[in-house]
Amino acid sequence: MGMTMAEKALARASGQGRVEAGQYITAIVDRMMAHEAFAPCAITLKRLGVKELYDPDRVIVILDHYFPAPTVRMAEGHKLIRQAVEEYGIKHFLGHAGICHQVMCEEGYVLPGHLILGTDSHTTTYGAFGAASAGIGVTEMSYVLATGELWMRAPPTIRFDLKGGPSPGIMSKDIILYIAGVFTTEVAQYRAIEFAGEVAARMSLASRMTLSNMGVELGAKFAFFEADEKTTEYLKGRTSEEARTFGPDPDAEYEAIHTVDITGLEPQVALPDNPGNVEPISELVDQPVDQAFLGSCTNGRLEDLAVAAQILKGRQVNPRTRLLVTPASQEVLLQATRAGYTETFLQAGAHITPAGCGPCPGGHMGLLASNEVCVSSTNRNFRGRMGSPESQVFLASPATVAASAITGRITDPRRFWSETTLS
Amino acid sequence: MISKGRVWKFGHDVDTDVMAPWSSLTEPWEERRKVILHIRPEFAEQARPGDIIVAGRNWGCGSSREQAPENLKNLGIGAVVAESFGRIYFRNSVAIAFPNIVCLGVHDVFEEGDEMELDLSTARVRNLTCSTELQGQSYTAEMLNILEKGGLLNVLKERLLNKAGG
């Protein structure tokens, strides 16, 4: 019998010919990514007397949650990280490039079939490139940095076959919110996901990243797309390593296969306080918003900014609403500037922030006051996520965020824009 | 490894952000502890060492922030017994040696304030208030080893010592 993508990747990582779902293994990790959580890892490792990491060349450190430093304490944290990066001989340090998940992919650190662990739950994003990637905490990361390995249980896999469409005005974010709403935020708990089918095949890598990113919101450990020619084409020139196509065996065994037909799908909105609390936008009763946020590792990429710019061009952000635009990386900001999008945003009255995680986890800039409401292109709307425990977050696509910024209430983007963006 | 305690009861999908809000992550403990599980404002103040949390499905969904289980451990919570857990939270709990047990049916069998007796090595869950017993999912030998050693860092320490010695 064949293997799923998760089984194949873990068989490779554990040096075995075959791994089956449910099996416990010890895996050697290909890449270890740490953001600001590298600071506590470094402190721990030094305390334990670890002078050398397992392999510094496998380690990538990126500053994104607090960049540029908002407080002296954070500045000290960044300083500590820079010193530790130096001491441990880590060459892959990207202190000011943008959000870790975006930067990891842009820099070609994510390769199909590899096992990648990161100190951020949205490390599942790299599944868009066919990588087995998952988030871990700082204690496990400290262990991995020192030893190169970690215990793991090979997860069973569920497959979502995406078919139908194209649906005008619908983005990949609407598809993942729809899945969370229909199948719940536990559907993939302790499991891997494979997104497949004709819609998955025609999606851009940026759109795939949105689904893989929110795979963790369905409980998933890994959230794969098959690495196809589009994937290897993207990686050309970004990595010196060989990037091969990577997919499941044709006779792989799945725990469940769900078919999702997106024909006629409406824009979707997740209501507070759970990403699975989803309704089609036509069901949503008039909802004013104080803040609209376009950015994050879910939806701060060039295609997201392009759609928002298309909607905002020649229009104004509602005076009662503030629109924050945060590109996912410096590269995205540069491309958006060349394409004229940043000018469109500024003319519409939006505020552009440096690339980073910013308001999404309620860490840095754009926090919400009590009883304020934000419509956001991010991945989580947990209670108090973006500021006051009495604030509320509604999740939606970049198109819906842009349309809502114009009207000051959550608005169907098809009112302003009717072209298909699924490519 | 038996622990006994008074039960606090929570529902489904209690996420890591309410266990450890981002704005509190860099605060000193005295500030940080006030907002732990702020969906029940009295919890942080009234929870006593040894208390046990009973929860529904998907306890600890969300972030990789280790402060979520760490906050509960620091507060003195003896264990969490839930219908299911968010996987990163669950792994983090093992790594810092904070007991969390999956036990189907636990949410129905316990009321707030009941007394629980929990055997971690066998995952037997007993409601002493109404004399009911449930079988939870046992830890694997490797996870139990990490818990018994007091966390993954102690395992690492031992490994480094062996390496140095060998």
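Keep in mind it's a predicted model, so treat the numbers as computed, not measured.

Rules used throughout
- Residues numbered from 1 in each chain as written.
- Chains lettered and ligands numbered in written order.
- Predicted model: local features only at pLDDT ≥ 70, side-chain atom pairs only at ≥ 80, totals over all residues.
- Heavy atoms only, no water.
- Salt bridge = Lys/Arg side-chain N within 4 Å of Asp/Glu carboxyl O.
- Helix = DSSP H or I, 4+ residues; strand = E, 2+ residues; numbered from the N terminus.
- Contact = heavy atoms within 4.5 Å.
- Buried area = accessible area lost by both parts, 1.4 Å probe.
- Polar contact = N/O pair within 3.5 Å; in protein donor to acceptor, adjacent residues only side chain to side chain.
- Nonpolar A, V, L, I, M, F, W, Y, C, P; charged D, E, K, R; others polar.
- Pairing = 2+ DSSP bridges.
- Axes fitted to C-alpha atoms, helices over the stretch in contact; angles between N-to-C directions.
- Core = buried A, V, L, I, M, F, W, Y, C linked by side-chain atoms within 4.5 Å.
- Buried < 20%, exposed > 50% of the residue type's maximum accessible area, 1.4 Å probe, protein only.
- Parallel < 35°, antiparallel > 145°, perpendicular 65-115°, else oblique.
- Left-handed = near helix turned anticlockwise from the far one by under 90°.
- Phe/Tyr/Trp six-rings, centres within 6.5 Å; stacked < 30°, edge-to-face > 60°.
- Lys NZ or Arg CZ within 6 Å of the ring centre and 35° of its normal.

S.K.: How should I be thinking about the pattern of salt bridges in this particular structure?
M.R.: Here the idea is simple: oppositely charged side chains can pair when their charged atoms come close. Evaluation of the coordinates by the stated rule reveals 33 salt bridges over all chains. The partner of Arg409(A) in a salt bridge is Asp286(A), and the shortest N-O contact between them spans 2.4 Å. Linking Arg409(A) in the segment after α14 (398–407) with Asp286(A) in the loop between β13 (278–280) and β14 (291–294), this pair joins segments that are 123 residues apart in sequence. For Arg65(B), the salt bridge identified is with Asp17(B), shortest N-O distance 3.7 Å. Here Arg65(B), found in the loop between β2 (52–55) and α4 (67–74), pairs with Asp17(B), found in helix α1 (residues 16–19); they are 48 residues apart in sequence, far enough to count as distant.

S.K.: Would you take a moment to explain the interface of chain A and chain B for this structure?
M.R.: By a widely used convention, the size of an interface equals the accessible area lost when the partners come together. Counting residues at the interface gives 45 residues for chain A and 38 residues for chain B. In total, about 3500 Å² of surface goes out of reach between chain A and chain B, with carbon and sulfur atoms giving 58% of it. By the criterion of area lost to chain B, the three top residues of chain A are Thr139(A), Tyr143(A) and Trp151(A), representing 19% of everything that side buries. Glu186(A) is paired through a salt bridge with Arg57(B); the nearest N and O atoms lie 3.0 Å apart. Taken together, the links from chain A to chain B amount to 19 residue pairs in polar contact (both at pLDDT 80 or more). At the level of secondary structure, the elements contributing two or more residues to the side of chain A that touches chain B comprise α2 (38–47), α3 (72–87), β6 (132–135), α5 (138–147) and β7 (149–153) of chain A. In terms of residues, the side of chain A that touches chain B owes the most to one element, α5(A), which gives seven residues. Of the residues belonging to the side of chain A that touches chain B, the class tally is 20 nonpolar, 15 polar and 10 charged.

S.K.: Help me understand the sheet that holds strand β5 (residues 115–119) of chain B, please; the structure alone is not making it clear to me.
M.R.: To summarise the sheet geometry, strands pair through backbone hydrogen bonds and adopt either a parallel or an antiparallel arrangement. Residues and elements named next belong to chain B. Pairing within the open sheet is mixed, and its seven strands lie in the order β4-β3-β2-β1-β5-β6-β7. Strands with a single pairing partner mark the edges of an open sheet, and in this sheet they are β4 (100–102) and β7 (132–135). Direction aside, neighbouring strands of the sheet carry axes that sit 30 degrees apart on average. Sheet analysis places strand β1 (residues 2–9) next to β2, joined by three bridges and oriented parallel.

S.K.: Please clarify how the nonpolar core should be interpreted in this entry.
M.R.: Across soluble globular proteins, nonpolar side chains show a tendency to be buried alongside one another. In terms of nonpolar packing, the biggest core is built from 99 residues, with Leu37(B), Phe43(B), Ile53(B), Trp59(B) and Leu72(B) touching the most fellow members. For this core, the element with the highest residue contribution is helix α1 (residues 5–13) of chain A, accounting for six residues. For Leu72(B), the residues in contact, after removing those within four places along its chain, are Met19(B), Ile36(B), Leu37(B), Phe43(B), Ile53(B), Trp59(B), Ile77(B), Val80(B), Tyr89(B) and Phe98(B). Among the nonpolar cores identified, the runner-up in size contains 37 residues, and Ala306(A), Tyr341(A), Ala348(A) and Ala399(A) belong to it.

S.K.: Please clarify how the sheet that holds strand β10 (residues 222–225) of chain A should be interpreted in this entry.
M.R.: Residues and elements named next belong to chain A. Strands sit in the order β10-β9-β8-β11 across an open sheet of four strands; the sheet is parallel. At either margin of the open sheet sits one strand with a lone partner, and together these are β10 and β11 (256–261). The mean inter-strand angle of the sheet, taken between neighbouring strand axes irrespective of direction, is 20 degrees. Lying on the sheet, α1 is in contact with β8 (157–163), β9 (192–196) and β10; it crosses β10 at an angle near 105 degrees.

S.K.: Is there a simple way to explain the packing of α2(A) against α5(A) in this structure?
M.R.: Packed helices, taken two at a time, are described by their axes: the angle between them and the distance between them. Residue and element names in this part refer to chain A. Running from N to C, α2 and α5 point in directions that differ by 60 degrees, and their axes come no closer than 9 Å. As judged from the angle between their axes, α2 and α5 are oblique. Taken as a pair, α2 and α5 cross one another with a handedness that is right-handed. On the side of α2, the interface is formed by Phe-38, Pro-40, Cys-41, Thr-44 and Leu-45, while α5 contributes Val-138, Met-141, Ser-142, Leu-145 and Ala-146. Taken together, the residues that form the contact of α2 with α5 break down as eight nonpolar, two polar and no charged.

S.K.: Which parts of the structure should I look at to understand the side chain of Ser207(A)?
M.R.: Here Ser207(A) lies in helix α8 (residues 205–215). When residues no more than four places from it in sequence are discounted, the contact partners of Ser207(A) are Ser172(A) and Glu303(A).

S.K.: I keep staring at the environment of Arg238(A) and nothing clicks. Help me out?
M.R.: Residue and element names in this part refer to chain A. If you trace the backbone, Arg-238 turns up in the loop between α9 (229–235) and β11. In sequence terms Arg-238 and Ser-121 are 117 residues apart; their C-alpha atoms lie 24 Å from each other. Leave out the neighbours within four places in its chain, and Arg-238 touches Cys-105, Glu-106, Glu-107, Gly-108 and Glu-331.

S.K.: Would you explain the packing of aromatic side chains in this entry?
M.R.: Any pair of aromatic rings gets described here by the distance separating the centres and the angle formed by the planes. Summed over all chains, the structure comprises 13 aromatic pairs over all chains. Grouped by ring-pair contacts, the aromatic residues Phe160(A), Phe183(A), Phe195(A) and Phe225(A) constitute a single cluster. When the ring centre of Phe10(B) is taken as origin, the NZ or CZ atom of Arg40(B), which lies over that ring, is 5.4 Å away.

S.K.: Can you help me understand unusual backbone geometry in this one?
M.R.: Trans peptide bonds make up the majority, and among non-glycine residues the majority have a negative phi. A cis amide bond links Phe67(A) to the next residue, Pro68(A), at an omega of -10 degrees. In this structure, the amide linkage connecting Pro272(A) to the following residue, Asp273(A), adopts the cis form with an omega of 0 degrees. Tracing the backbone through its elements, the reader meets Asp273(A) in the loop between β12 (268–270) and β13. One non-glycine residue, Tyr190(A), lies in positive phi territory at about 60 degrees. Among the secondary structure elements, Tyr190(A) is positioned in the loop between α6 (172–183) and β9. Notably, Asp13(B) is not glycine yet its phi reads approximately 55 degrees, a positive angle. Note that Asp13(B) resides in the loop between β1 and α1. On the accessibility criterion, Asp13(B) (23% relative accessible area) is partly exposed.

S.K.: It is not clear to me how the packing of α5(A) against helix α8 (residues 152–165) of chain B should be interpreted in this structure. Could you clarify?
M.R.: The N-to-C vectors of α5(A) and α8(B) enclose an angle of 20 degrees; their axes lie 9 Å apart at closest approach. By the angle between their axes, α5(A) is roughly parallel relative to α8(B). In this structure, the crossing between α5(A) and α8(B) has a hand that is left-handed. Contact residues: Thr139(A), Glu140(A), Ser142(A), Tyr143(A), Ala146(A) and Thr147(A) in α5(A); Leu152(B), Leu153(B), Val155(B), Leu156(B) and Arg159(B) in α8(B). Grouping the constituent residues of the contact of α5(A) with α8(B) by class yields six nonpolar, three polar and two charged.

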